[in-house]
Amino acid sequence: EGSDRSEEQVSGAKVIAQALKTQDVEYMFGVVGIPVTEIALAAQELGIKYIGMRNEQAACYAASAVGYLTGRPGVCLVVSGPGLIHALGGMANANMNCWPLIVIGGSSERNQEAMGAFQEFPQVEACRLYTKFSARPSTIELIPFIIEKAVRSSIYGRPGACYIDIPADFVTLQANVTSIKYKECCMPPPVSMAETSAVCAAASVLRDAKQPLLIIGKGAAYSHAEDSIRKLVEQCSLPFLPTPMGKGVVPDNHPNCVGAARSRALQSADVIVLFGARLNWILHFGLPPRYQADVKFIQIDICAEELGNNVRPSVILLGDINAVSKQLLEQFDKTPWQCPPDGQWWKTLREKMKSNEAISKELASQKSLPMNYYTVFYHVQEQLPQDSFIVSEGANTMDIGRTMLQNCLPRHRLDAGSFGTMGVGLGFAIAAALVAKDRSPGQRVICVEGDSAFGFSGMEVETICRYNLPIILLVVNNNGIYQGFDADTWEKMLHFQEAATTVPPMCLLPNSHYEQVMTTFGGKGYFVRTPEELQHSLRQALQDTSKPCLLNIMIEPQSTRKAQDFHWLTRSNM
Ligand code: ADP
Ligand code: MG
């Protein structure tokens, strides 16, 4: 058998699957249909884990999170036209976050082009804005070539999204086996180091600093720089501030974490080292009044074009964060230096942290019902296992949750990110649960959602139950977007208003029983009104690993965050 392979045929679907497998792709998310079903089947046959989702957008969020968590792109598989268009949100989000992702879209048949074919759309062009690379192989033989290029582009340099277009007729078209040449798996991304002179300059700027600060971004998390950055923090006694997804690179409960004095640290620092964090809206552009006008930035990034954005840095270190951190460490190994641990800078920061923590504690201890955000997060943090993945989105739910829920491991927090995207939570949680299952069994995924955020992809609860993923969903429910109304006010309002269309735009239906979405599919649901109910149901959810859970936590509909030093802070996601 098989002595003469010259007659053996292979379908386009199988070539796609084999090419992905050869490039070490491990996960594929999607919604099947004409013309891509065969691709999913072929991928599954080769051992690629296929996860069928309920909407392409959530599938694309999931695939992108896998890329961030594993450093290898996940694939999102979608049908032509509307399927691809639903995935654009996920592609944009991945690209903005600098996360690797491959989207494979079926498209209409080549011989019907411009004739009004089924779901015809200029897909390669449409994806160009959201990707680093967008292409359609012109023959089956070229599929492995394009797939290798897409995978490589997604992880080399600044990571990002790539799109591959597959005409419907390719899927079933047969090619001669011997005509297909698979490209070897691309090499891991090359690791680049900064110029030695720049590293020396950076060390000397740091040595002269009176009020130094490290900012740790999700680029540092992505580059696995946790060990070297931690050494630097400890050896030089440096205060550090994580960005939302930089949380956990060095644990939040590390004594040098000054997250609780964030505004003060930013405002007073004279030298700031940026480890893979852009000076965009999340970091207030690096400008006054949030920073000293003459603060010196030492900027580390893998993307040369990023260096100097918004602020002219004192020193630029172009390279991989892990490698550059080690270069910096060498400097301080040779000539040790420390930010005085009992000096004025550390005193100022510690005092501010203490007073801010006291305010949160005070809010958390309030006994009034419905609960406020701080009470909810206080009780969640009390039981949260330290190695949990925390997925979080919503307005106040995410902002306050970020300050109170601690991450102790790198790449264990996923949220609305650079693009401020709502609706990512369930897709991210599904990705995290799969990665946890395969790479760190026993770790839990806690997905903290505002009630509005949950609504974007609520039907993915069915996906969670179908794959029986051990996810605990917490819906922090205030009956609305930003704020809602209690049931009584709602009733009165409807009574006095002539038309339902005058319902305030921020309102959602009061007392919605979101936990029943979970019980509908066989998971466990809890309706939670008091701290005691929260403690009890969370304990049960954490103990019972056999089923996904949803806690629908009712909070004060008008609850907001504590007063901020900068009022415009309250409107951004920071
Ligand atoms: P955050 O949201 O945490 O502030 P950003 O997404 O704004 O983080 O910034 C992450 C930065 O990290 C991007 O500018 C990206 O180019 C950079 N980056 C990603 N991977 C690496 C790496 N391996 N080495 C250096 N920089 C990296
Ligand atoms: Mg809400």
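Rules of the game
- Residues numbered from 1 in each chain as written.
- Chains lettered and ligands numbered in written order.
- Predicted model: local features only at pLDDT ≥ 70, side-chain atom pairs only at ≥ 80, totals over all residues.
- Heavy atoms only, no water.
- UniProt positions renumbered as here; feature names shortened; annotations may be inferred.
- Helix = DSSP H or I, 4+ residues; strand = E, 2+ residues; numbered from the N terminus.
- Salt bridge = Lys/Arg side-chain N within 4 Å of Asp/Glu carboxyl O.
- Buried < 20%, exposed > 50% of the residue type's maximum accessible area, 1.4 Å probe, protein only.
- Near = heavy atom within 4 Å.
- Polar contact = N/O pair within 3.5 Å; in protein donor to acceptor, adjacent residues only side chain to side chain.
- Areas by Shrake-Rupley, 256 points an atom, 1.4 Å probe, with all protein chains shown as cover.
- 1 Å grid on protein atoms, 1.4 Å probe; cavity = no way out; pocket = protein on both sides within 12 Å on 5 of 7 lines; lining within 4 Å.
- Sits in = over half its atoms within 2 Å of the grid points.
- Axes fitted to C-alpha atoms, helices over the stretch in contact; angles between N-to-C directions.
- Parallel < 35°, antiparallel > 145°, perpendicular 65-115°, else oblique.
- Left-handed = near helix turned anticlockwise from the far one by under 90°.
- Contact = heavy atoms within 4.5 Å.
- Nonpolar A, V, L, I, M, F, W, Y, C, P; charged D, E, K, R; others polar.
- Expected span 1.5 Å × (residues − 1).
- Pairing = 2+ DSSP bridges.
- Disulfide = S-S within 2.5 Å.
- Donors = N, O, S within 2.8 Å, 3.2 Å for Na, K, Ca; no water.

Caption draft 1: Structural context of the UniProt feature "domain: Thiamine pyrophosphate enzyme central" (unreviewed entry) in the chain. The feature "domain: Thiamine pyrophosphate enzyme central" (unreviewed entry), as annotated in UniProt, sits at residues 201–328 in this numbering. When the span residues 201–328 is considered, its composition is 29% helix and 18% strand, and the gap between its end C-alpha atoms is 10 Å.

Caption draft 2: Focus on the pattern of salt bridges. On inspection of all chains with the given rule, the structure shows 17 salt bridges. Between Arg136 and Asp165 there is a salt bridge, with the nearest N and O atoms lying 2.9 Å from each other. Here Arg136 is found in the loop between strand E6 (133–135) and helix H6 (143–155), whereas its partner Asp165 is found in strand E7 (residues 161–167), with 29 residues between them in sequence. Here Arg529 makes a salt bridge to Glu533, at a shortest N to O gap of 3.5 Å. Since its relative accessible area comes to 28%, Glu533 is described here as partly exposed. A network of salt bridges, in which partner residues are shared, links Glu26, Lys49, Asp438 and Arg439.

Caption draft 3: A look at the site of ligand 1. For ligand 1, the set of nearby residues contains 21 residues, the closest of which are Arg158, Lys218, Thr243, Arg278 and Asp301. In the model, an oxygen atom of ligand 1 is placed 2.7 Å from a nitrogen or oxygen of the Lys218 side chain. One of the backbone nitrogen or oxygen atoms of Gly276 is found 3.4 Å away from an oxygen atom of ligand 1. About the coverage of ligand 1: the protein hides 97% of its 580 Å² of free accessible area. When atoms are counted within 2 Å of each cavity's grid points, the one that captures over half of ligand 1 is the second largest pocket.

Caption draft 4: Molecular detail of the packing of helix H10 (residues 226–235) against helix H12 (residues 321–334). Running from N to C, H10 and H12 point in directions that differ by 30 degrees, and their axes come no closer than 8 Å. Relative to H12, the element H10 is oriented roughly parallel. Crossing of H10 against H12: the hand is left-handed. Counted together, Ser228, Ile229, Lys231, Leu232 and Gln235 of H10 and Ile321, Asn322, Ser325, Lys326, Leu328, Leu329, Phe332 and Asp333 of H12 form the full contact between these two elements. Tallied by class, residues from the contact of H10 with H12 come to six nonpolar, four polar and three charged.

Caption draft 5: Region of interest: unusual backbone geometry. Following Pro288, the chain continues to Pro289 via a peptide bond in cis, the omega torsion being 5 degrees. Notably, His224 is not glycine yet its phi reads approximately 55 degrees, a positive angle. With respect to the secondary-structure elements, His224 resides in the loop between helix H9 (218–222) and H10. A relative accessible area of 40% places His224 in the partly exposed class.

Caption draft 6: Up close: H6. A rise of 1.5 Å per residue sets the reference length of H6, with its 13 residues, at 18 Å; its end C-alpha atoms lie 19 Å apart and thus fit the reference within 8%. Counting buried positions along H6 yields ten of 13 residues, so the element is predominantly enclosed. Among all positions of H6, only Ile143, Pro144, Ile146, Ile147, Glu148, Ala150, Val151, Ser153, Ser154 and Ile155 are buried. Following H6 by one or two positions, Gly157 adopts a phi angle in the positive range, close to 65 degrees.

Caption draft 7: Looking closely at the packing of helix H3 (residues 56–70) against helix H4 (residues 82–97). Direction vectors running N to C along H3 and H4 enclose 35 degrees, while the axes themselves pass 7 Å from each other. The two elements H3 and H4 meet at a crossing, and its hand is right-handed. In this structure, H3 uses Glu56, Gln57, Cys60, Tyr61 and Ser64 to contact H4, whose residues at the interface are Gly83, His86, Ala87, Gly89, Gly90, Met91, Asn93 and Ala94. Partitioned by chemical class, the residues of the contact of H3 with H4 number five nonpolar, seven polar and one charged.

Caption draft 8: View of the pairing of strand E17 (residues 471–477). Of all the seven residues making up E17, seven are buried; the element is thus mostly covered by neighbouring parts of the structure. Bridging between strand E16 (residues 445–450) and E17 involves six bridges; their strand directions are parallel. Paired with Gly450 across the two strands is Val476, which belongs to E17. Where E17 lies against strand E19 (residues 549–554), six bridges are found, and the strand directions are parallel. Directly across from Val475, in E19, lies its bridge partner Asn552.

Caption draft 9: Fine view of the state of the cysteines. Here the structure, examined in full by the defined rule, presents zero disulfides. Just so you know, Cys303 is unpaired, no disulfide at all, and the nearest cysteine sulfur is the one on Cys98, 7.5 Å from it. Residue Cys303 is classed as buried on the basis of its relative accessible area, which comes to 12%.

Caption draft 10: Examining the coordination of the magnesium ion (ligand 2) more closely. Surrounding the magnesium ion (ligand 2) are the protein donor atoms Asp451 (OD), Asn478 (OD1) and Gly480 (O), which sit 2.0 to 2.1 Å from the metal. Expressed as a motif, the donor residue spacing for the magnesium ion (ligand 2) is D-x26-N-x1-G. One end of the pair, Asp451, is in helix H17 (residues 451–456); the other, Asn478, is in the loop between E17 and helix H19 (487–496), and 27 residues separate them in sequence. With respect to class, Asp451 is no different from Asn478; both count as buried.

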